[in-house]
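What the coordinates show
If you want the building blocks of each chain, they are given just below.
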Amino acid sequence: MHEFKIGEAAAVLGVSADTVRRLADARTVKTRRTRGGQRLVDGVSLAKYLVKRDRLPPGTAASHRSMRNWLPGIVTRVVRDKVAAQVEIQVGAHRLVSLLTREAVDTLGLTPGMMAIATVKATNVSVELPSAPPRAKRSA
């Protein structure tokens, strides 16, 4: 069973530790307490909450899109030249960068501070595990 400390769960969700505590108190995510009183968030419960939270908004027909990775965020930077443009969007704790035509950026009217949706379609997606901190050895 995978469990996360409150701070780790907060980082995954892109929210504060207090928000995770409120989700736990509301029984939106499952937690248990260690003997020392620390709360640990159940990984399966956290994953289910993420899936439920990040579903497409009501009235948005996913079947009308070819891409399923639909990520709403806020435009943080737009850099234009004569032909191309670079747009940065902050999606939760993640920064996405898109290279597109200047014409597309101008047509959409993209400017920092506005809401935008990044859609991602990839033929290859890599999955990695975070490196675990070295565990302290117990002396016998």
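Here the structure is a predicted model, which is why all the values come from computation and not from measurement.

The biggest cluster of nonpolar side chains holds 11 residues, and these are I6, A9, A10, L13, V20, L23, A24, V29, V41, L46 and Y49. Secondary-structure elements contributing two or more residues to this core are α1 (6-13), α2 (17-25) and α3 (43-53). With four residues, α1 is the largest single contributor of residues to this core. Apart from residues no more than four positions distant in its own chain, L13 is found in contact with V20, L23, L46, Y49, L50 and R53. In this structure, A85, I89, V91 and A118 belong to the second largest nonpolar core, which totals 10 residues.

For an α-helix, 3.6 residues make a turn, and residues three or four places apart therefore share a direction. Listed as buried for α1 are I6, A9, A10 and L13. Taken around the axis of α1, the buried residues stretch over an arc of 105 degrees, which confines them to a single face. Where α1 is buried, its residues contact β1 (3-5), α2, β3 (39-42) and α3. Positive backbone phi, at 75 degrees, marks G14, one or two positions downstream of α1.

With that out of the way, let us pick up the sheet that holds strand β4 (residues 69-80). Remark on secondary structure: sheet strands pair via backbone hydrogen bonds, oriented parallel or antiparallel. The four strands are arranged β6-β5-β4-β7 in an open sheet whose pairing can be described as antiparallel. The open sheet has two free edges, formed respectively by β6 (94-101) and β7 (115-120), since each of these has just one partner strand. Each strand of the sheet is rotated relative to its neighbour by a mean of 45 degrees, with strand direction disregarded. As defined by bridge partners, β4 adjoins β7 across six bridges and the pair is classed as antiparallel. Across the sheet, the residue bridging to W70 is T119, located in β7.

Attention shifts here to α2. Residues V20, L23 and A24 constitute the buried set of α2. Buried residues along α2 cover an arc of 100 degrees about the axis, so they all sit on one side. Structural note: α2 exposes R22 and D25 on the side pointing more than 90 degrees away from its buried face. Elements that come into contact with the buried residues of α2 comprise α1, β2 (31-33), β3 and α3.

Let's shift gears to the pairing of β6. As defined by bridge partners, strand β5 (residues 84-91) adjoins β6 across eight bridges and the pair is classed as antiparallel. Each bridged residue has a counterpart across the sheet, and for Q90 the counterpart in β6 is R95. Connecting the antiparallel pair β5 and β6 is a turn made up of two residues, with G92 showing a positive phi of about 60 degrees.

What follows concerns the sheet that holds β2. Taken together, three strands build an open sheet; the order of strands is β1-β3-β2 and the sheet is antiparallel. Of all strands in the sheet, those with a lone pairing partner are β1 and β2, marking the two edges. Adjacent strand axes in the sheet meet at a mean angle of 35 degrees, parallel and antiparallel pairs treated alike. Pairing between β2 and β3: three bridges, direction antiparallel. Paired with R33 across the two strands is R39, which belongs to β3. Here α1 sits on the sheet and contacts β1 and β3; the angle it forms with β1, its principal contact strand, is near 95 degrees.

Calculation criteria
Residues numbered from 1 in each chain as written. Predicted model: local features only at pLDDT ≥ 70, side-chain atom pairs only at ≥ 80, totals over all residues. Heavy atoms only, no water. Core = buried A, V, L, I, M, F, W, Y, C linked by side-chain atoms within 4.5 Å. Buried < 20%, exposed > 50% of the residue type's maximum accessible area, 1.4 Å probe, protein only. Helix = DSSP H or I, 4+ residues; strand = E, 2+ residues; numbered from the N terminus. Contact = heavy atoms within 4.5 Å. Arc of directions from axis to C-beta. Pairing = 2+ DSSP bridges. Axes fitted to C-alpha atoms, helices over the stretch in contact; angles between N-to-C directions.

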